[in-house]
Amino acid sequence: MRLPVILFLTAISTVLAGSVPIQTLVFPSETSTSYVEMVPLKPINLKAFTLCMRVATELSGEREIILFAYRTQYYDELNVWRELDGRYSFALSGGSVVFSVPDLGAMQTHFCVTWDSSSGASALFMDGRKSLTKLYKKGHTIPPGGKVIIGQDPDSYLGEFDAKQSFVGEINDVNMWDSVLSDSTIKDMFSGKRVPRGNIFDWETIQLTTNGAVEVVNTEL
Amino acid sequence: MRLPVILFLTAISTVLAGSVPIQTLVFPSETSTSYVEMVPLKPINLKAFTLCMRVATELSGEREIILFAYRTQYYDELNVWRELDGRYSFALSGGSVVFSVPDLGAMQTHFCVTWDSSSGASALFMDGRKSLTKLYKKGHTIPPGGKVIIGQDPDSYLGEFDAKQSFVGEINDVNMWDSVLSDSTIKDMFSGKRVPRGNIFDWETIQLTTNGAVEVVNTEL
Amino acid sequence: MRLPVILFLTAISTVLAGSVPIQTLVFPSETSTSYVEMVPLKPINLKAFTLCMRVATELSGEREIILFAYRTQYYDELNVWRELDGRYSFALSGGSVVFSVPDLGAMQTHFCVTWDSSSGASALFMDGRKSLTKLYKKGHTIPPGGKVIIGQDPDSYLGEFDAKQSFVGEINDVNMWDSVLSDSTIKDMFSGKRVPRGNIFDWETIQLTTNGAVEVVNTEL
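Residues numbered from 1 in each chain as written. Chains lettered and ligands numbered in written order. Predicted model: local features only at pLDDT ≥ 70, side-chain atom pairs only at ≥ 80, totals over all residues. Heavy atoms only, no water.

Some remarks on the overall build of chain A
Part 1: A count of helices and strands for chain A gives two helices and 15 strands.
Part 2: In terms of principal-axis extent, the alpha carbons of chain A reach across some 60 × 40 × 35 Å.
Part 3: Split into buried and exposed, the 221 residues of chain A put 49% on the buried side.
Part 4: When contacts within chain A are restricted to residue pairs at least 6 apart in sequence, those whose partners lie at least 24 apart make up 67%.
Part 5: In chain A, 19 side chains carry a positive charge and 25 a negative one; their mean positions are 9 Å apart. (Helix = DSSP H or I, 4+ residues; strand = E, 2+ residues; numbered from the N terminus. Buried < 20%, exposed > 50% of the residue type's maximum accessible area, 1.4 Å probe, protein only. Contact = heavy atoms within 4.5 Å. Lys, Arg positive; Asp, Glu negative; His and termini not counted. Charge placed at Lys NZ, Arg CZ, Asp CG, Glu CD.)

Focus: the sheet that holds strand β5 (residues 76-82) of chain B
Residues and elements named next belong to chain B.
Part 1: Ordered by their spatial adjacency, seven strands build an open sheet running β7-β6-β5-β4-β12-β2-β14, and the pairing between neighbours is antiparallel. With partners counted over all chains shown, the strands left at the sheet margins are β7 (97-99) and β14 (208-211), one partner each. Neighbour to neighbour, the strand axes of the sheet diverge by 15 degrees on average, direction disregarded.
Part 2: Here four bridges tie strand β2 (residues 35-38) to β14, and the two strands are oriented antiparallel to one another. Bridging across to β14, Glu37 finds its partner in Thr209. (Pairing = 2+ DSSP bridges. Axes fitted to C-alpha atoms, helices over the stretch in contact; angles between N-to-C directions.)

A look at the interface of chain A and chain B
Part 1: Taken together, the contacts link 22 residues of chain A with 21 residues of chain B.
Part 2: At the boundary of chain A with chain B, the tally comes to two salt bridges.
Part 3: The closest approach of N and O atoms between Glu58 of chain B and Lys134 of chain A, which form a salt bridge, is 2.7 Å.
Part 4: On inspection of chain A and its partner chain B, the count reaches eight residue pairs in polar contact (both at pLDDT 80 or more).
Part 5: Among the secondary structure elements, those contributing two or more residues to the side of chain A that touches chain B are β7 (97-99), β9 (121-126), β10 (129-130), β11 (134-135) and α2 (183-190) of chain A.
Part 6: Among the elements that take part in the side of chain A that touches chain B, β9 of chain A stands out by supplying four residues, more than any other.
Part 7: For the side of chain A that touches chain B, a count of residues per class yields twelve nonpolar, six polar and four charged. (Salt bridge = Lys/Arg side-chain N within 4 Å of Asp/Glu carboxyl O. Polar contact = N/O pair within 3.5 Å; in protein donor to acceptor, adjacent residues only side chain to side chain. Nonpolar A, V, L, I, M, F, W, Y, C, P; charged D, E, K, R; others polar.)

So, the UniProt feature "domain: Pentraxin (PTX)" (unreviewed entry) in chain A
Part 1: UniProt annotation of "domain: Pentraxin (PTX)" (unreviewed entry) refers to residues 21-221 of chain A when read in the numbering used here.
Part 2: For residues 21-221 of chain A, the end-to-end C-alpha separation is 6 Å, with 4% helix and 41% strand making up the annotated structure. (UniProt positions renumbered as here; feature names shortened; annotations may be inferred.)

Considering the relation of the copies chain B and chain C
Between the two copies of the chain lies a relationship made up of a rotation around an axis and a movement along it.
Part 1: Here chain B sits on chain C after a turn of 91 degrees about the axis and a move of 0.1 Å along it, with an RMSD of 0.0 Å. On this basis, the relationship between the two copies can be described by a four-fold rotation axis. (Least-squares fit on C-alpha atoms with pLDDT ≥ 70 in both.)

Quick look at the interface of chain B and chain C
Part 1: At the interface, 23 residues of chain B touch 24 residues of chain C.
Part 2: Carbon and sulfur atoms make up 63% of the area that chain B and chain C hide from each other, which totals about 1800 Å².
Part 3: Joining chain B to chain C, the criterion identifies two salt bridges.
Part 4: The salt bridge involving Arg129 of chain B is made with Asp127 of chain C; its shortest N-O contact spans 3.5 Å.
Part 5: Taken together, the connections running from chain B to chain C amount to nine residue pairs in polar contact (both at pLDDT 80 or more).
Part 6: Among the elements of the structure, α1 (2-16), β7, β9 (121-126), β10 (129-130), β11 (134-135) and α2 (183-190) of chain B are those that each provide at least two residues to the side of chain B that touches chain C. (Buried area = accessible area lost by both parts, 1.4 Å probe.)

What to know about α2 of chain A
For an α-helix the count is 3.6 residues per turn, leaving residues at separations of three or four pointing the same way.
Part 1: Those residues of α2 of chain A that fall on the buried side of the exposure criterion are Asp183, Thr185, Ile186 and Met189 of chain A. The buried side chains of α2 of chain A occupy one side of the element, clustering within an arc of 165 degrees when seen end-on.
Part 2: On its buried side, α2 of chain A packs onto β3 (48-56), β8 (109-116), β9, β10 and β13 (169-177) of chain A together with β15 (215-220) of chain B.
Part 3: After α2 of chain A finishes, the residue Gly192 of chain A shows a positive phi value of roughly 90 degrees. (Arc of directions from axis to C-beta.)

What about the relation of the copies chain A and chain B?
Part 1: By a simple turn and slide, chain A fits onto chain B: the slide is 0.1 Å along the axis, the RMSD is 0.0 Å, and the turn is 91 degrees.
Part 2: Of the residues that chain A buries at the interface, just 5% are likewise interface residues in chain B, meaning the two copies contact each other through different surfaces.

Quick look at the pairing of strand β4 (residues 65-71) of chain B
Residues and elements named next belong to chain B.
Part 1: Counting buried positions over the seven residues of β4 gives seven, a clear majority of the element.
Part 2: As defined by bridge partners, β4 adjoins β5 across six bridges and the pair is classed as antiparallel. Its bridge partner lying in β5, Ala69 is registered against Asn79.
Part 3: With antiparallel pairing between neighbouring strands as the criterion, β4 and β5 make up a hairpin whose turn holds four residues.
Part 4: In terms of strand pairing, β4 meets strand β12 (residues 147-150) through three bridges, oriented antiparallel. In the sheet register, Arg71 faces β12, and the bridge partner there is Lys147.

Digging into the state of the cysteines
Here a disulfide denotes one covalent bond, and it connects the sulfur atoms of two cysteines.
Residues and elements named next belong to chain A.
Part 1: As enumerated under the stated definition, the model contains three disulfides over all chains in all.
Part 2: Between the sulfur atoms of Cys52 and its disulfide mate Cys112 the distance is 2.1 Å. Every disulfide takes its handedness from the sign of the S-S torsion; for Cys52 and Cys112 that torsion is 110 degrees, giving right-handed. With a gap of 60 residues between them, Cys52 in strand β3 and Cys112 in strand β8 connect regions that are remote in the sequence. (Disulfide = S-S within 2.5 Å.)

Let's talk about the pattern of salt bridges
Part 1: According to the stated counting rule, one finds 43 salt bridges over all chains in the structure shown.
Part 2: Measuring nitrogen to oxygen at the nearest pair gives 2.9 Å for the salt bridge that ties Arg82 of chain B to Asp103 of chain B. Here Arg82 of chain B is found in strand β5, whereas its partner Asp103 of chain B is found in the loop between β7 and β8 (109-116), with 21 residues between them in sequence.
Part 3: Given the relative accessible area of 37%, Asp103 of chain B is considered partly exposed.
Part 4: When the shortest N-O distance is used, the salt bridge between Arg194 of chain C and Glu204 of chain C registers 3.3 Å. Taken together, the positions of Arg194 of chain C in the loop between α2 (183-190) and β14 (208-211) and Glu204 of chain C in the loop between α2 and β14 put the pair ten residues apart, joining distant regions of the chain.
Part 5: With relative accessibility at 61%, the residue Arg194 of chain C sits in the exposed group.
Part 6: Each of Arg194, Arg197, Asp202 and Glu204 of chain A takes part in one network of salt bridges that share partners.

Points about the environment of Tyr70 of chain A
Residues and elements named next belong to chain A.
Part 1: Mapped onto the secondary structure, Tyr70 falls in strand β4 (residues 65-71).
Part 2: Through-space distance from the C-alpha of Tyr70 to that of Thr33 is 17 Å; in sequence the pair is 37 residues apart.
Part 3: Here Pro143 takes part through its backbone oxygen, which lies 2.6 Å from a polar atom of the side chain of Tyr70.

Some points on the packing of aromatic side chains
Part 1: The tally for this structure, following the rule as stated, stands at 21 aromatic pairs over all chains.
Part 2: Each ring, one from Phe90 of chain C and one from Tyr136 of chain C, has its centre 5.7 Å from the other, and the planes form 85 degrees; the classification is edge-to-face. Taken as a pair, Phe90 of chain C in strand β6 (residues 88-91) and Tyr136 of chain C in the loop between β11 (134-135) and β12 (147-150) lie far apart in primary sequence, 46 residues in all. Residue Phe90 of chain C shares its accessibility class with Tyr136 of chain C, and that shared class is buried.
Part 3: One aromatic cluster is present, formed by Phe49, Phe90, Trp115 and Tyr136 of chain A through successive ring pairs.
Part 4: Sitting above the plane of the Phe99 of chain A ring, Lys134 of chain A keeps its charged end 5.5 Å from the centroid. (Phe/Tyr/Trp six-rings, centres within 6.5 Å; stacked < 30°, edge-to-face > 60°. Lys NZ or Arg CZ within 6 Å of the ring centre and 35° of its normal.)

Laid out in structure tokens, this is it:
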């Protein structure tokens, strides 16, 4: 009689899923001053990672967009970009790996980046679908000691922002793990199932420090 | 009390699904030298087949792409192509059957080809959706005695490769059966459910021989 | 102990789903001679109907396509069309109701038409999604005494076919009911669930009379 109990609990958790509160970052307009700092749960010192977020923007055409920036004193250690030409990329202190994938838009996209130093395997996920794998920075380690921000690309330590690279739109559910999650886990996350919470960033418990014209809106998933 | 046990095992296998390891072939650039040879589980001597793979590529525009090649001494016995004009086709020793279906892209597509000699019925499947059926090579048999390779189109036995037809991108989960699987089985495979393993090629146990700049990356489904 | 039994039956039906045989009509090329006659289970005398089929075609651009024709001695009583301009329509003996919906293509689409004389409510369904409703021929009755054919548009009783209106591609699973099915039933049918079988046409038991170059291919759903 164990199973019916398990099924019952599963049913309950599914029903309650609609009442999970979530913070959402709204960047209403283009600025060189609005950003949010995210403090990691432990030092960022990575041989592998999965970084996910839900993102929506009306920016399009020839416009760079910074989606995530981790900067130490002298280097961009992990920056995620929409490029001028509409492709998506990430850069680990020098060079970058670029993917010709569908563009983001005004409808929310569940967007992830994965990287594994042991092979260099790099991939994007959009709404649970995986891109091709590219090989990039095999053997590299992402070093600790920097700051993570959403909304601006720092060309120095938390400074020299360029409005033309800023994020405009909505970002939430930013989570990061120090390992590569399986394809099926990322698909589950996209479809709203509960997965192990991020051990670098966990959006449910994160402390956010906002600067400039960013609104933190509370909604329910 | 049999059922709860079965369900319990199903539940366990679902939970563990995230930990199914899979080999992925990454062809990082255009070459006339990189390819992978796949050894079949039994001689290829076929009156029917289903061939499936997961494939992603940034190649587009006017570019042929070889997706699968089975060549005997004098003939291309089963070659699967993206044509110059973006259509998809397969050829059984002379001629080919061509389908105007959506193009592949940088996001992974689950791609299958089916053929049945008794009627000549030929179809493609993309992400579980079936194309129209065309009639091709009714009564034909695909003969044994050749080599199967991924990455290049051999114009002679394992030779005369043309970089302009080579595969660039990612291919995995290449499985082949000596029968036509049902539409619902192919749809299940696309959505990650377990289906009977290929009896010509079984990606879980396959021995791959790589040549040139091909990386075999291990990830988890 | 009720639940396990239900689950057990569900499991059985799922396992068996792969083995449902289905007849498929393949029209390989444009002709003015190939067509299939379908004999209804009872006289067509209708104040309402649901007509569904799975259809795939590579025809596109400026090309009419006849999808279903029910003709009595002097009138086209129920003809379903792709119009020259890519819109879809059906006509009940004079005039027609036209819908600007996505075009069909080489990947199979589950396509339905519904009409109810009491309000004139008319709608299309493509892959389970419902179009807007239009009002057409309120109070009309579709009369008995004609012939239903697939593949050609008869401009007289089973004659005067025009190759430029003929169907080329694949059609199967043509079912018809003398009532309007619910939206959810149509969605279930699209996703392969069992629904009450058609009482005008039931594809599982239908007798097909083929003429010209039409192939009837047997596959499995």
